[in-house]
Amino acid sequence: MCGFPFGVLASLVGLAVLLGNAPAHGRLFTTPEKTTMLGLHNSLSRGNVNPKPCERLRPLRWDDTLARVANQYARRCIVGHNPRRTTEYNRLSGKTYHSVGENFFVDPRLDEASVVIWSHGSWHREISQYDYATNRCKQHTCGHYTQMVWSATTSIGCATHICNRRGSTNWPLPSRDKLRMTFCNYGPGGNYQGQRPYMACPPTTPTRPPAGPATATGPATAAGPATGPATAAGPATSAGPATATGPATADGPATAAGPATADGPPTTAGPATSAGPAIAPLAAVVRAGIASTVPILFAAVLGLF
């Protein structure tokens, strides 16, 4: 019986092992993934910074060359930043960026549907670690977040890959044989030492509301709007001496309504009609009416006889 050549079988097994341990071929972002990543950066991260910027942060746009650089590096399955990303981007794009920024995310979850959500979410959570006042991270890293909201950055490009443990560099999880690595490059890059990601404006001092009507402790004229027209109490002379409705010395010049500060609203002295101008004219009218009516009645009586 002719057996299968052992040498060929060994070669096939060895090739399968090599292929199984080689880094998996990565890919660029799909169109929906590009849209989602841009939306999360522009709306959630750059659109909601705190404190508020003096000028609205410009929305990022997609740069296919940045994505190409990210893709080429991620295929090497090196857990760490690409030290040549700026040189590679300038060579491919013809631009002269001083630097290209980079965020990367290593994830043991391999599903395709969560590539954008998990990577961006990991970077955005660092917002709680960034202190704008001191321009420092609190306890943990915050550089991924500050790169996303760097005001001078205008573009982004990303790629994602599934890498195998064997054949990779700086493997962070020995218990996992495969990991997904997602890289996003930013142009121009940020995170310059000693600089804040954007310029925040000082908070606006609230404008004090206009003063309302004078209170009982304010000027004596508060008796006007508070209890009706000022003429309700009449001038002090119409009711006789000022002491008729309250002491004139309570808080300065006497008013018809009495003291304006000691006892609250000026109505404490009672209605102005208690000694006001309404009684004296009424008495005079009555007396005049009687005087003019008596002769007429007397003449009428005599006419009957």
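Trainee: In this structure, what is going on with the packing of helix H3 (residues 64–74) against helix H4 (residues 85–93)? I would like to understand it.
Mentor: Helix packing for two helices is described by the angle between their axes and how far apart those axes are. As a packed pair, H3 and H4 sit with axes 10 Å apart at the nearest point and diverge in direction by 135 degrees. It follows from the interaxial angle that H3 and H4 lie oblique. Handedness of the H3/H4 crossing: right-handed. Facing H3, whose interface residues are Thr65, Leu66, Arg68, Val69 and Gln72, H4 presents Arg85, Glu88, Tyr89, Leu92 and Ser93. Of the residues that constitute the contact of H3 with H4, the class distribution is four nonpolar, three polar and three charged.

Trainee: Hey, could you run me through the packing of aromatic side chains in this one?
Mentor: Geometry of an aromatic ring pair is reported as the spacing of the ring centres plus the angle between the planes. Scanning all chains against the criterion turns up eight aromatic pairs. With 5.4 Å between their ring centres and 20 degrees between their planes, Phe104 and Phe183 make a pair best called stacked. On the criterion of sequence distance, the pair formed by Phe104 in strand E3 (residues 101–107) and Phe183 in strand E7 (residues 178–187) is long-range, its members being 79 residues apart. A relative accessible area of 18% means that Phe104 is categorised as buried. Look at Phe183 and you get buried, because its relative accessible area is 1%. For the pair Trp150 and Tyr192, a centre-to-centre distance of 6.3 Å together with 50 degrees between the ring planes defines the contact as tilted. Taken as a pair, Trp150 in the loop between helix H6 (143–148) and strand E6 (155–164) and Tyr192 in the loop between E7 and helix H7 (223–227) lie far apart in primary sequence, 42 residues in all. Given a relative accessible area of 4%, Trp150 falls into the buried group. Chaining the aromatic ring pairs together yields one cluster made of Tyr130, Tyr132, Tyr145 and Tyr198. Over the face of the ring belonging to Trp118 we find Arg109, whose NZ or CZ atom lies 3.4 Å from the ring centre.

Trainee: Even after reading the chapter, I still don't get the confidence of the model for the protein chain, so can you show me in this structure?
Mentor: Low-pLDDT stretches of the model should not have their predicted coordinates read in fine detail. On average, residues of the protein chain carry a pLDDT of 73, and 58% of them reach 70 or more. When the criterion is pLDDT under 50, residues 1–24 qualifies, and its contacts beyond four places in sequence or with other chains add up to 15 contacts. Considering only residues more than four positions removed or in separate chains, one finds that residues 214–305, a stretch of pLDDT under 50, has 50 contacts.

Trainee: Teacher, can you tell me more about helix H5 (residues 115–124) here?
Mentor: Residues spaced three or four apart along an α-helix point in a common direction, a consequence of the helix completing one turn every 3.6 residues. Most of H5 is tucked away, with eight of its 10 residues classed as buried. For H5, the full list of buried residues reads Val115, Val116, Ser119, His120, Gly121, Ser122, Trp123 and His124. For H5, the secondary structure elements touched by its buried residues are strand E1 (27–28), helix H2 (31–45), E3, H6, E6 and E7.

Trainee: I'm lost on the environment of Thr169 in this one. Help?
Mentor: Here Thr169 lies in the loop between E6 and E7. Through-space distance from the C-alpha of Thr169 to that of Ile78 is 4.8 Å; in sequence the pair is 91 residues apart. The residues touching Thr169, leaving out its near neighbours within four places in the chain, are Cys77, Ile78 and Val79.

Trainee: Before we go on, may I ask you to explain the nonpolar core in this structure?
Mentor: If you look at soluble globular proteins, the nonpolar side chains tend to sit buried side by side. Of all hydrophobic cores here, the largest spans 25 residues; its most connected members are Met37 and Ile156. Mapped onto this core, the elements with two or more residues apiece are H2, H5, H6, E6 and E7. With 13 residues, the next largest nonpolar core counts Ala74, Ile78, Phe104 and Met181 among its residues.

Trainee: Can you walk me through the packing of H2 against H5 in this structure?
Mentor: Contact geometry for H2 and H5: axes closest at 10 Å, N-to-C directions at 25 degrees. One element, H2, and the other, H5, form an angle in the roughly parallel class. Pair H2 / H5 crosses with right-handed handedness. Contact residues: Glu33, Thr36, Met37, Leu40, His41, Leu44 and Ser45 in H2; Val115, Val116, Ile117, Ser119, His120, Trp123 and His124 in H5. Of the residues in the contact of H2 with H5, the class split is seven nonpolar, six polar and one charged.

Trainee: I tried to follow the state of the cysteines on my own but got confused; where do I start?
Mentor: Enumeration over the complete set of coordinates arrives at four disulfides. Disulfide partner of Cys137: Cys142, at an S-S distance of 2.0 Å. The disulfide joining Cys137 to Cys142 has a torsion of about -80 degrees about its S-S bond and is therefore left-handed. When its relative accessible area of 37% is taken as the criterion, Cys137 is described as partly exposed. When its relative accessible area of 3% is taken as the criterion, Cys142 is described as buried. Across a sulfur-sulfur distance of 2.0 Å, Cys158 and Cys184 are joined as a disulfide pair. Between Cys158 and Cys184, the disulfide has an S-S torsion of 110 degrees and is therefore right-handed. Here Cys158, found in strand E6, pairs with Cys184, found in strand E7; they are 26 residues apart in sequence, far enough to count as distant. Residue Cys158 shares its accessibility class with Cys184, and that shared class is buried. Counting its disulfide-bonded cysteines in sequence order, the protein chain shows a connectivity of 1-8, 2-6, 3-4, 5-7.

The rules behind these values
Residues numbered from 1 in each chain as written. Predicted model: local features only at pLDDT ≥ 70, side-chain atom pairs only at ≥ 80, totals over all residues. Heavy atoms only, no water. Axes fitted to C-alpha atoms, helices over the stretch in contact; angles between N-to-C directions. Helix = DSSP H or I, 4+ residues; strand = E, 2+ residues; numbered from the N terminus. Parallel < 35°, antiparallel > 145°, perpendicular 65-115°, else oblique. Left-handed = near helix turned anticlockwise from the far one by under 90°. Contact = heavy atoms within 4.5 Å. Nonpolar A, V, L, I, M, F, W, Y, C, P; charged D, E, K, R; others polar. Phe/Tyr/Trp six-rings, centres within 6.5 Å; stacked < 30°, edge-to-face > 60°. Buried < 20%, exposed > 50% of the residue type's maximum accessible area, 1.4 Å probe, protein only. Lys NZ or Arg CZ within 6 Å of the ring centre and 35° of its normal. pLDDT = per-residue confidence, 0-100. Core = buried A, V, L, I, M, F, W, Y, C linked by side-chain atoms within 4.5 Å. Disulfide = S-S within 2.5 Å.

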